[in-house]
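Per-entry structural report
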Amino acid sequence: MIQPPLDRHSLRKTLRHARRQLTEQEQQQAASQLLKQTLHSEWLNNVEHLALYLANDGEISPHLISEYCWQRNIKTYLPVVKGETLRFAHYDQTTQWHNNRFGIAEPVTETYQAQDTIDIVFMPLVGFDQYGGRLGMGGGFYDKSFARKSIEQKPLLIGLAHDCQQVEQLPIEPWDVPLQAILSPQQCIDINLTTKD
C-alpha cells in the first residue's frame, strides 16, 4: 500500500502511473475480478438504475458490469459533462457517441436521468483509502455534482479501483465528497463499517 505524500498533485501522478503500468491482460483480469467482487457484495440486488463510466487512462473497466446489467434489464447510464458538473445519460449497445472537450466518449442525447432516481453511481478514481476518501483526476466534476447529496439520499456512491490505487490515508479537502463503498478486484470496503482511529 502506498504511503501518500502530503502533496495531492504528486500522489495523483504516482497513482496514475501505477495503474497505467498494468498490462492489457492484467486489466482484463481485473475487470473480471471486479465483476465477481460486485456480485459477491450484492450491491446490485434490487437495483434498477446504475451509472458507471467508460475506462480511461488505466482506470479499472466496469464494462463487464454493464453487460451483466443489460442481461438483467438494469438500466445503465454514463456521465456527460455539462459545465462544471455531470448529468447522466442512458447507455446501452445502441448508444451513439461523440467526444467531449476532454476527448472522452459520451452518449449523444439531450435526455438525462434525474440524479436522485439512480440507485448506484460507480465512480472512477485515482486513489482511495479504507475510510471512503477518494482522489479524483482533479477536475472536481463528481464532487460538484454530488456536493448537496446527503448520505441517506440516492444514489449510493461507490468507487471502483485497482488495488494498487489504495493508500493508507488520503489528504482530504472540505469539498471532497466521500464514498459510501469501494470495490476493487480483491476487496469490498463498506465505509459504514469502517471507522477512523
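None of these values were measured; they are calculated from a predicted model.

About the thresholds
- Residues numbered from 1 in each chain as written.
- Predicted model: local features only at pLDDT ≥ 70, side-chain atom pairs only at ≥ 80, totals over all residues.
- Heavy atoms only, no water.
- Core = buried A, V, L, I, M, F, W, Y, C linked by side-chain atoms within 4.5 Å.
- Buried < 20%, exposed > 50% of the residue type's maximum accessible area, 1.4 Å probe, protein only.
- Helix = DSSP H or I, 4+ residues; strand = E, 2+ residues; numbered from the N terminus.
- Contact = heavy atoms within 4.5 Å.
- Arc of directions from axis to C-beta.
- Salt bridge = Lys/Arg side-chain N within 4 Å of Asp/Glu carboxyl O.
- Phe/Tyr/Trp six-rings, centres within 6.5 Å; stacked < 30°, edge-to-face > 60°.

1. Some points on the nonpolar core
Residues L50, I65, F88, V121, F122, I158 and L160 are the most contacted members of the largest nonpolar core, which totals 42 residues. The dominant element in this core, judged by the number of residues it contributes, is strand 6 (residues 120–123), at four residues. Residues within four places of I65 in sequence aside, it is in contact with L34, L35, T38, L44, L50, L52, F122 and L160. Counting six residues, the second largest nonpolar core, distinct from the first, contains L11, L15, V126 and L170.

2. As for helix 3 (residues 63–71)
Along an α-helix, residues three or four positions apart point the same way, because every turn accommodates 3.6 residues. Among all positions in helix 3, only I65, S66, Y68 and C69 are buried. In an axial view of helix 3, the angular spread of the buried residues amounts to 165°, which keeps them on one side of the axis. In this structure, the buried residues of helix 3 make contact with helix 2 (24–41), strand 1 (49–51), strand 2 (75–82), strand 3 (85–91), strand 6 and strand 9 (156–160). Backbone geometry just downstream of helix 3 places N73 in the positive-phi region, at approximately 60°.

3. Topic: the pattern of salt bridges
In total, this model carries six salt bridges according to the counting rule given. Measuring nitrogen to oxygen at the nearest pair gives 3.0 Å for the salt bridge that ties K154 to D119. Here K154 is found in the loop between helix 4 (141–145) and strand 9, whereas its partner D119 is found in the loop between strand 5 (105–107) and strand 6, with 35 residues between them in sequence. Residues joined in a network through salt bridges with shared partners are R16, R19, R20 and D57.

4. A closer look at the packing of aromatic side chains
For the structure shown, the criterion picks out four aromatic pairs. Look at W70 and Y91: their rings are 5.3 Å apart centre to centre, the planes differ by 70°, and that puts the pair in the edge-to-face class. A residue pair is termed long-range when its members are at least 10 positions apart, and W70 in helix 3 and Y91 in strand 3 qualify at 21 residues. Note on Y91: relative accessible area 9%, which makes it buried. Here a set of aromatic residues connected by ring pairs shows up, and it is made of W70, Y91 and W97.

Purely spatial values, then, with no claim about function.
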